Structures are given as C-alpha cells and as structure tokens.
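# Descriptive analysis of the structure
What follows is each chain in one-letter form.
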Amino acid sequence: AADRLAQTAPDLCPDLVIGDMDSACKSVVDSYAERGAEVADLREDQDSTDLTKALNAAASRGFTRSIIMGEYMSVDRPDHTFGIMNSLFMCQKPQGPFDEIMVVSPLTVMRLLPPGDHVLSATVGSKCGLVPMAGSCSSITTSGLEYDMDAACMAFGGLVSTSNIVARDEVTVANSDPVIWTM
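Remember, predicted model here, so these are calculated numbers, not experimental data.

### Brief notes about the overall build of the protein
- Of regular secondary structure, the protein possesses 4 helices and 12 strands.
- Seen through its C-alpha atoms, the protein measures out along the principal axes to roughly 55 × 30 × 30 Å.
- Taken over 183 residues, the protein has a buried fraction of 38%.
- For the protein, the exposed area adds up to about 10100 Å²; of that, 54% sits on carbon and sulfur atoms.

Shown next as structure tokens:
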C-alpha cells in the first residue's frame, strides 16, 4: 500500500506506515519517515495480515469506523480476498473494536454484517452477494434484492447468495450470524 500511495499520490504522506514490510520498497518507506510518518515494522508478526495490523493500530488511536480503499479484489490473489474477509471478522464487533469497516475497490464494495438488522444503501441493478462467515448463518431475511430470502439458512455446501441483483436503492438484511455483503 505504501508503494501504491507513492505512485498514485506522491504529494500525500501517511501518518503511519505499518506492516511486515515484505512488499514495501525501502526507499518509499524511508521517504515517508523523512517526511514525518511513523513507521511500525512488524515483520516479527507473521500471524496477522498488514490490514489487520493497520486496523489494530487505528483502533488503538480511537477509531471505530474505517473505509479501506484500494485495489484489493485481485483475481490473481484470491488468498488476499480471504485475508481481507478474515480481517473484517477479527476487527469488527463483536470480535473486534470497530463498529463498521467498509472495503472499497474499483470493482466492488465489501463489508461484514454482524448479527442483527441492517439497512444498506445500494445501486439498483448492481450485482451483489451475501456470504456466510464463520460457519453457517441459520437465518437470513432480505428485502430489496431480485432474489430475496425469507428466514433462509446459508452455509458453504448449501445456499450461498451469490449472483444476486439489487432491485431497490435500499436493501434490508436481518441475519442471525455474520455475513459478508458484496456489491
């Protein structure tokens, strides 16, 4: 992310560069440090992703909502997409400190919906999906989708609501267990 920021917005300097630094160019990191950025080299922590490290740092600074923007949904690295979903699950309530985390890329928006009732702003005609996290979702009810669900059970090996379409500009979701919303 540090290298990409330097390429796309060289005049910007982050407050914090954090991660295991395995993909960051040393000259870019050094340049940010010279411009006043704090650098947290956490290469000894290989059990969490750089995104989880960054979200934990933001939480320690008092943030409770986050929008992650970038080119994250890469077809050549589906493992990164699973890592992002795991970071959402670990860092958002009830497991983590964040009330809401949204991941935005040029191709998609993704967010974790913890158990409860949700009202989502959506773009009519957009492709969307709801995918269970951490096991099954024993009950999910939606409105505003072309293929609404009514107290459906979702699980891998069973129903997973992919390839749905937004039918109204407001989508409601009532889910018993965590699900990922994509659009």
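### Some words on helix α4 (residues 78-91)
- The end-to-end C-alpha distance of α4 is 20 Å, a good match for the 20 Å that 14 residues give at a rise of 1.5 Å each.
- In this structure, the buried side of α4 is in contact with α3 (50-60), β4 (100-104), β5 (109-113) and β12 (179-182).

### Some details on the sheet that holds β5
- Read across the sheet, 6 strands follow the order β3-β4-β5-β12-β7-β10 without closing on themselves; strand pairing throughout is mixed. Unpaired on one side and paired on the other, β3 (65-69) and β10 (161-165) mark the two borders of the sheet. Averaged over all adjacent pairs, the angle separating strand axes in this sheet is 20°, with direction ignored.
- Note that strand β7 (residues 127-132) and β12 share 4 bridges and pair antiparallel. Paired with Gly-129 across the strands is Thr-182, a residue of β12.
- Strands in contact with α4 are β4, β5 and β12; relative to β5, the strand with the most contacts, it is inclined by about 35°.

### Looking at the environment of Thr-172
- If you trace the backbone, Thr-172 turns up in strand β11 (residues 170-175).
- Look at Thr-172 and you get partly exposed, because its relative accessible area is 26%.
- Distance in space between the C-alpha atoms of Thr-172 and Ser-121 is 9.0 Å, their sequence separation being 51 residues.
- Polar contacts involving the side chain of Thr-172 include one to the side chain of Ser-143, which spans 2.3 Å.

### Structural notes on unusual backbone geometry
- The omega torsion across Lys-93 and Pro-94 is 10°, close enough to zero to call that bond cis.
- You will see that Ala-134, though not glycine, has its phi angle at about 60°, which is positive.
- As for its placement among the helices and strands, Ala-134 is situated in the loop between β7 and β8 (137-143).
- Phi is positive for Ala-151, close to 55°, though the residue is something other than glycine.

### Looking at the side chain of Gln-92
- Assignment of secondary structure puts Gln-92 in the loop between α4 and β4.
- The buried category is assigned to Gln-92, whose relative accessible area is 1%.
- When sequence neighbours within four positions are dropped, the list of residues in contact with Gln-92 reads Phe-98, Asp-99, Glu-100, Ile-101, Leu-112 and Pro-114.

### Thoughts on the sheet that holds β8
- Taken in spatial order, the 4 strands of this open sheet run β6-β11-β8-β9, and their pairing is antiparallel. At either margin of the open sheet sits one strand with a lone partner, and together these are β6 (116-121) and β9 (152-154). Pairwise comparison of adjacent strand axes, ignoring direction, gives a mean angle of 30° for this sheet.
- Pairing of β8 with β9 involves 2 bridges; the strand directions are antiparallel.

Rules of the game
Residues numbered from 1 in each chain as written. Predicted model: local features only at pLDDT ≥ 70, side-chain atom pairs only at ≥ 80, totals over all residues. Heavy atoms only, no water. Helix = DSSP H or I, 4+ residues; strand = E, 2+ residues; numbered from the N terminus. Buried < 20%, exposed > 50% of the residue type's maximum accessible area, 1.4 Å probe, protein only. Areas by Shrake-Rupley, 256 points an atom, 1.4 Å probe, with all protein chains shown as cover. Expected span 1.5 Å × (residues − 1). Contact = heavy atoms within 4.5 Å. Pairing = 2+ DSSP bridges. Axes fitted to C-alpha atoms, helices over the stretch in contact; angles between N-to-C directions. Polar contact = N/O pair within 3.5 Å; in protein donor to acceptor, adjacent residues only side chain to side chain.

Purely geometric stuff here, so don't read any function into it on its own.
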